[in-house]
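Examination of the molecular architecture
Each chain is listed here by its residues.
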Amino acid sequence: MTRGMRKKNIIKKIDSVFNNSRIINSRNILSPLTSHLLPLIILLTSYLLPFSLSAQTSDSLIVHQMEDLGVHFTQGNHVKLLMSGKDKFADMFEAIRQAKSSVHLEYFNFRNDSIASLLFDILKEKRKEGVEIRAMFDGFGNDSNNQPLKKYHLQKLWADSINIVEYDPIRFPWVNHIWPRDHRKIVVIDGEIAYTGGMNVADYYIVGTEQVGEWRDMHCRLEGPVVNDLQIIFARIWKRATKENLTDAKYYRGKPAGNKMVGIVNREPHVTNKIMRQLYIQSIDDAQDSIRIINPYLTLIPSISKALKRAIKRGVKMEIMVSAKSDIPLTPDVVYRNAHKLMKRGATVWLYQPGFHHSKIMMVDGRFCTVGSTNLDARSLRFDFEENALIINRETTKELDDMFDRDKQKSVVLTEEEWNRFRTGWQKFRGWFGSLLQPWL
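Residues numbered from 1 in each chain as written. Predicted model: local features only at pLDDT ≥ 70, side-chain atom pairs only at ≥ 80, totals over all residues. Heavy atoms only, no water.

Below, the discussion takes up the pattern of salt bridges. With the rule as written, the count across this model stands at 31 salt bridges. The shortest N-O distance in the salt bridge between Glu-106 and Arg-184 comes to 2.8 Å. Here Arg-184 lies in the loop between β4 (163-167) and β5 (186-189) and Glu-106 lies in strand β2 (residues 102-107), a separation of 78 residues in the sequence. Here Glu-106 matches Arg-184 in class, with each residue buried. Linking Asp-203 and Arg-111 is a salt bridge whose minimum nitrogen-to-oxygen distance equals 3.0 Å. On the criterion of sequence distance, the pair formed by Asp-203 in the loop between β6 (193-197) and α8 (204-207) and Arg-111 in the loop between β2 and α5 (114-128) is long-range, its members being 92 residues apart. Here Asp-203 matches Arg-111 in class, with each residue buried. The network of salt bridges with shared partners includes Arg-292, Glu-319, Asp-401, Asp-405 and Lys-408. (Salt bridge = Lys/Arg side-chain N within 4 Å of Asp/Glu carboxyl O. Helix = DSSP H or I, 4+ residues; strand = E, 2+ residues; numbered from the N terminus. Buried < 20%, exposed > 50% of the residue type's maximum accessible area, 1.4 Å probe, protein only.)

We now examine the confidence of the model for the protein. Summary statistics for the protein give a mean pLDDT of 90 and a share of 88% for residues scoring 70 or more. Note on residues 1-11: pLDDT is under 50 here. Beyond four places in sequence and across chains, it has 5 contacts. Predicted confidence is poor over residues 45-53, with pLDDT under 50, and the contacts of this stretch with residues over four places away or in other chains come to 3 contacts. (pLDDT = per-residue confidence, 0-100. Contact = heavy atoms within 4.5 Å.)

This brings us to the nonpolar core. Within the largest apolar cluster, 48 residues are counted, with the highest numbers of intra-cluster contacts made by Met-66, Ile-291, Ile-304 and Leu-390. Element by element, the count of residues in this core is highest for helix α10 (residues 275-286), at 6 residues. Beyond its immediate sequence surroundings of up to four residues, Met-66 is in contact with Val-71, Phe-73, Val-265, Ile-275, Gln-278, Leu-279 and Leu-390. In this structure, Ala-95, Phe-120, Tyr-205 and Trp-215 belong to the second largest nonpolar core, which totals 39 residues. (Core = buried A, V, L, I, M, F, W, Y, C linked by side-chain atoms within 4.5 Å.)

So, on to helix α3 (residues 58-68). Inspection of α3 places Ser-58, Asp-59, Leu-61, Ile-62, Val-63, Gln-65 and Met-66 among the buried residues, and these make up the whole buried set. Those residues of α3 that are buried lie in contact with β1 (73-82), β9 (260-267), α10, β14 (361-364), β15 (368-372) and β16 (386-392). Phi for Gly-70, located one or two positions after α3, is positive at around 100°.

As a further point, take a nonpolar patch on the surface. On the surface, a nonpolar cluster with roughly 770 Å² of combined accessible area is contributed by Trp-426, Phe-429, Trp-432, Phe-433, Leu-436, Leu-437 and Trp-440. Turning to its location among the elements, Phe-429 is positioned in helix α16 (residues 425-436). (Patch = residues over 30% accessible without salt bridge, like charges linked within 9 Å, V, L, I, M, F, W, Y side chains within 5 Å. Areas by Shrake-Rupley, 256 points an atom, 1.4 Å probe, with all protein chains shown as cover.)

Here we take up a positive patch on the surface. A cluster of basic residues, Lys-313, Lys-341, Lys-344 and Arg-345, forms a positive patch on the protein surface. With 3 residues, the single largest contributor to the positive patch is helix α12 (residues 331-345). Tracing the backbone through its elements, the reader meets Lys-344 in helix α12. For Lys-344, a relative accessible area of 56% gives the class exposed. (Lys, Arg positive; Asp, Glu negative; His and termini not counted. Charge placed at Lys NZ, Arg CZ, Asp CG, Glu CD.)

Turning our attention to the packing of α3 against α10. Where α3 contacts α10, the two axes come as close as 9 Å, and the packing angle between them is 155°. When the axes of α3 and α10 are compared, the pair comes out roughly antiparallel. Crossing of α3 over α10 shows right-handed handedness. Counting all contacts with α3, which are made through Ser-58, Leu-61, Ile-62, Gln-65 and Met-66, the residues of α10 involved are Ile-275, Gln-278, Leu-279, Gln-282, Ser-283 and Asp-286. Partitioning the contact of α3 with α10 into residue classes produces 5 nonpolar, 5 polar and 1 charged. (Axes fitted to C-alpha atoms, helices over the stretch in contact; angles between N-to-C directions. Parallel < 35°, antiparallel > 145°, perpendicular 65-115°, else oblique. Left-handed = near helix turned anticlockwise from the far one by under 90°. Nonpolar A, V, L, I, M, F, W, Y, C, P; charged D, E, K, R; others polar.)

Before going further, it helps to examine the packing of aromatic side chains. Overall, the coordinates contain 16 aromatic pairs when judged by the stated rule. Between Phe-110 and Phe-120, the aromatic rings sit 5.6 Å apart at their centres with planes inclined by 45°, giving tilted as the arrangement. Here Phe-110, found in the loop between β2 and α5, pairs with Phe-120, found in helix α5; they are 10 residues apart in sequence, far enough to count as distant. We classify Phe-110 as buried; its relative accessible area is 0%. Judged by centre distance (6.1 Å) and plane angle (80°), the rings of Tyr-205 and Trp-215 are edge-to-face. Residue Tyr-205 is found in helix α8, and its partner Trp-215 is found in strand β7 (residues 214-216); the two are separated by 10 residues along the sequence. The structure contains a cluster of three or more aromatic residues connected by ring pairs, namely Phe-89, Phe-93, Tyr-204, Tyr-205, Trp-215, Tyr-297 and Phe-356. One residue, Arg-379, lies across the ring of Phe-140, its end atom 5.5 Å from the ring centre. (Phe/Tyr/Trp six-rings, centres within 6.5 Å; stacked < 30°, edge-to-face > 60°. Lys NZ or Arg CZ within 6 Å of the ring centre and 35° of its normal.)

Written as structure tokens, this is what we have:
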């Protein structure tokens, strides 16, 4: 609606109020003074209402918007950020050792290495104690891993009574298994403790790799009612793969354990196709002061790219961190191209130097943050099963902001001079060519 149309509507309202005020006043309900002030009140309200709406903070806006899209928020949660592989596995393995009833694990892959072996040994011991074990990994995630679980590994686990299943195994003709894949990382213990974030099960989260150096990632431990939401997600995919229903109340024991609001944003193909795109677009559009993003595969899709540009244009301080090193070909060329384009628009781009920052986090206005499995690429936003914790809490957001500031000390800021030093002409061409494949990267 144009400004002229709004003005005409306001004038119509005022005329209507004047007419109504004459009628009301003729019945001696309002005094002459009140009847003349009423149009002024209506006029002021018409102009001030948009300002009152815009005065809402980004955290309250995102909660209402995501609730309207079906996201369930709960209060009374405890959130513990796990900022390294060492922190994650030490905390999670100890929690599994304390399990009394059930351990449920959903991962993109379990890499066949020392850390997975330790996990399976712990699960084997818990199974002897009568604890129910259910574990799932994605078929593509396993096959694309350089140290996959083989059939004889699975047979050994089955012999140890560990109920582990492969989601959507890759079978001929292969191409019909490209999408969608289960990229989520969820662990639920006794229905009371949950873990989620960006890490699979692999030792390189602790020791790094020869190719990229240290491997940075982010996970979190959750306690409280939010655990029930994560259990529901696991139960749905488990039923899909095994036909087993997990409806017993013993699996849903999440009770108030803290003071933080958390909503679980779950992308399930054919059910909530657009939810992850909407999470990022709404969060970016709601930002009033600052946006900070760390994401390894920033190939973007048009709607996210446009939202980022809108935020920069309206003066939001935007900082984006990507890694100077990567674990796969071509995709990083597109990432650097996108980062350069956003830099030219006014974003501050940091190139993380020590290794590969595989974290998938975003902080908005210092008020809320998201931690999860979602990459800012077409696969995560349009095709795969994904899940993010949306944490509406300044304290947790500050922890991530502080981590971002620490990592800036290990990064190089992208400038035009750095761009030309960092990228050769051939690499820039690869980035342009790769961008043509963006809908499938």
